[in-house]
Amino acid sequence: MKVLTVIILLICSCQASAGLITFQSDQASYAENDIVTIDVNINDINPMIDFVELDIGFDPLALEFVEDSWLDTSDVFDFGAFGDAFLFTNDTLILQASFLDGITDVLGTSFNLGELQFTALTDLATTSFSSKLVTAIDVNFNNVDPQVKVSEPAGTAVVALLGALFLMRMQKSALFI
């Protein structure tokens with residue numbers, strides 16, 4: 001029982017955190033020379049953020065970046081924010097996004113930022129991308145945590161439930177003494 005209690009408490013105390021940037025391809029697989037369109041999604045962004053820069057890694061033997069293929073979503077563009085992506089090295093893109101005050105009030109903290117296009121250099125069953133934060137700043141050029149912390153599960157309710165189960169077990173064992 002004690003081990004179970006400790007395990008449940010550890011699970012309840014962990015914070016969940018999704019990736020700031022996720023990528024979604026338009027197809028499950030691609031043939032050589034197909035255009036690969038990737039949606040770039042922002043997840044749980046801090047409403048205080050004004051500018052973010054990320055390195056996006058990809059396999060240059062499987063994909064070739066289509067120059068000037070970045071396209072902001074209409075929601076982002078209509079709000080007046082913008083992003084841009086350009087090739088830094090043969091396997092790394094730089095993605096820069098500037099947000100206007102209030103964008104999360106309109107779009108929420110998770111939204112589709114834009115899309116990138118690549119040319120498949122071989123037949124691909126899957127596409128794989130990685131992202132690494134370079135810079136995240138607010139309107140005053142102060143570094144900020146780029147993500148909103150996802151709240152912990154309702155640990156208080158679980159602790160109360162475990163306490164009640166423990167007391168019930170103690171009462172049950174006291175009856176048999």
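Residues numbered from 1 in each chain as written. Predicted model: local features only at pLDDT ≥ 70, side-chain atom pairs only at ≥ 80, totals over all residues. Heavy atoms only, no water.

Undergrad: Sorry, what's going on with the side chain of Thr73 here?
TA: Following the sequence through the fold, Thr73 ends up in the loop between strand S5 (71-72) and helix H2 (74-79). Assessed through its relative accessible area of 17%, Thr73 is described here as buried. In contact with Thr73, not counting residues within four places along its chain, are Asn112, Leu113 and Gly114. (Helix = DSSP H or I, 4+ residues; strand = E, 2+ residues; numbered from the N terminus. Buried < 20%, exposed > 50% of the residue type's maximum accessible area, 1.4 Å probe, protein only. Contact = heavy atoms within 4.5 Å.)

Undergrad: When you look at unusual backbone geometry in this model, what are you seeing that I'm missing?
TA: Trans peptide bonds make up the majority, and among non-glycine residues the majority have a negative phi. The phi dihedral of Asp68 falls on the positive side, at around 55°, and the residue is not glycine. Mapped onto the fold, Asp68 is located in the loop between strand S4 (63-65) and S5. Despite not being glycine, Phe141 has its phi angle at roughly 65°, a positive value. Mapped onto the fold, Phe141 is located in the loop between strand S9 (130-137) and helix H4 (155-175).

Undergrad: Would you explain the sheet that holds strand S6 (residues 82-89) in this entry?
TA: In sheet architecture, strand pairing relies on hydrogen bonds along the backbone and comes in two forms, parallel and antiparallel. Read from one edge to the other, the open sheet built from 4 strands follows the order S6-S7-S3-S9, with strand pairing classed as antiparallel. In the strand order of this sheet, the two ends are held by S6 and S9, each with one partner. Taken over all neighbouring pairs, the strand axes of this sheet differ in orientation by 20° on average, direction set aside. Relative to strand S7 (residues 92-98), strand S3 (residues 51-57) is paired through 7 bridges, and the arrangement is antiparallel. Bridge pairing in S7 places Phe51 opposite Ser98. (Pairing = 2+ DSSP bridges. Axes fitted to C-alpha atoms, helices over the stretch in contact; angles between N-to-C directions.)

Undergrad: Quick question: what am I supposed to make of the nonpolar core here?
TA: The nonpolar side chains of a soluble globular protein tend to be buried with one another. Of all hydrophobic cores here, the largest spans 35 residues; its most connected members are Leu95, Phe99, Phe111, Leu113 and Phe118. Counting residues per element, this core draws most heavily on strand S8 (residues 111-120), which supplies 5 residues. When near neighbours in sequence (up to four residues on either side) are disregarded, Leu113 contacts Val40, Asn41, Ile42, Trp70, Leu71, Asp72, Thr73, Val76, Leu95, Ala97 and Phe99. (Core = buried A, V, L, I, M, F, W, Y, C linked by side-chain atoms within 4.5 Å.)

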